[in-house]
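# Commentary on secondary and tertiary structure
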Amino acid sequence: MEEKDDELVRFLRFNSEILEQISEDVVNALLPLLQDENSNVRLRTALALSNLGNSSKDVVNALLPLLQDENSDVRLRVALTFFGRRVREQLRGCS
């Protein structure tokens, strides 16, 4: 039984490392789209980054200027992204 447990742990570790790398690649591909001239592209990109849940320094720094975006929907999405993260962090601290 111990051998199967070890195999499972190795499998899960390997897969989590792959998913982490894929997530990082996706985030890096999305970041430049936050500066697209089309506000719908900026909005959808902010939404995608929010759904990925990545709160790295690069993501936060890329989103901050969009709090002053000319499009109110973009500003709202970014504000909700930051607000949502804050709420989730506070809820984790309560449990």
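Turning to the overall build of the protein, a few remarks are in order. Broken down by element type, the protein carries four helices and zero strands. Helices and strands in the protein line up, N terminus first, as α-α-α-α. Counting over 95 residues, the protein shows a buried share of 21%. The contacts in the protein between residues at least 6 apart in sequence include a share of 49% that link residues at least 24 apart.

This paragraph deals with the pattern of salt bridges. Overall, the coordinates contain one salt bridge when judged by the stated rule. Salt-bridge contacts for Arg42 lead to Asp69; the nearest nitrogen and oxygen are separated by 2.8 Å. Of the two residues, Arg42 sits in helix H2 (residues 39-52) while Asp69 sits in the loop between helix H3 (57-63) and helix H4 (72-94), which places them 27 residues apart along the sequence. One exposure class covers both Arg42 and Asp69, and it is buried.

The next thing to look at is the nonpolar core. Counting residues in hydrophobic clusters, the biggest one holds twelve residues: Val27, Leu30, Leu31, Leu34, Leu43, Ala46, Leu49, Val59, Leu63, Leu66, Val74 and Val78. Only helix H1 (2-30), H2, H3 and H4 provide two or more residues apiece to this core. A total of three residues in this core trace back to one element, the largest contributor, which is H2. Apart from residues lying up to four places away in sequence, Ala46 is in contact with Leu34, Leu63, Arg77, Val78 and Thr81.

Residues Glu17, Glu20, Glu24 and Asp25 make up a contiguous surface patch of negative charge. Tracing the backbone shows Asp25 in helix H1. By relative accessible area, Asp25 is classed as partly exposed at 41%.

Here we take up the side chain of Thr45. Inspection of the secondary structure puts Thr45 in helix H2. Dropping the residues within four chain positions of it, Thr45 is found in contact with Leu30, Leu33 and Leu34.

This part covers H2. Under the 1.5 Å per step criterion, the end-to-end length of H2 is 20 Å for 14 residues, consistent within 8% with the ideal 20 Å. For H2, the complete set of buried residues consists of Arg42, Leu43, Thr45, Ala46, Leu49 and Ser50. What you see down the axis of H2 is that its buried residues fit within an arc of 165°, all on one side. Opposite the buried face of H2, by more than 90 degrees, sit the exposed residues Arg44 and Asn51. With a side-chain oxygen positioned 2.7 Å from the backbone nitrogen of Asn40, the residue opening H2 is Asn38. Count one or two residues on from H2 and you reach Gly53, which has phi positive near 75°.

What counts, and at which threshold
Residues numbered from 1 in each chain as written. Predicted model: local features only at pLDDT ≥ 70, side-chain atom pairs only at ≥ 80, totals over all residues. Heavy atoms only, no water. Helix = DSSP H or I, 4+ residues; strand = E, 2+ residues; numbered from the N terminus. Buried < 20%, exposed > 50% of the residue type's maximum accessible area, 1.4 Å probe, protein only. Contact = heavy atoms within 4.5 Å. Salt bridge = Lys/Arg side-chain N within 4 Å of Asp/Glu carboxyl O. Core = buried A, V, L, I, M, F, W, Y, C linked by side-chain atoms within 4.5 Å. Patch = residues over 30% accessible without salt bridge, like charges linked within 9 Å, V, L, I, M, F, W, Y side chains within 5 Å. Areas by Shrake-Rupley, 256 points an atom, 1.4 Å probe, with all protein chains shown as cover. Lys, Arg positive; Asp, Glu negative; His and termini not counted. Charge placed at Lys NZ, Arg CZ, Asp CG, Glu CD. Expected span 1.5 Å × (residues − 1). Arc of directions from axis to C-beta. Polar contact = N/O pair within 3.5 Å; in protein donor to acceptor, adjacent residues only side chain to side chain.

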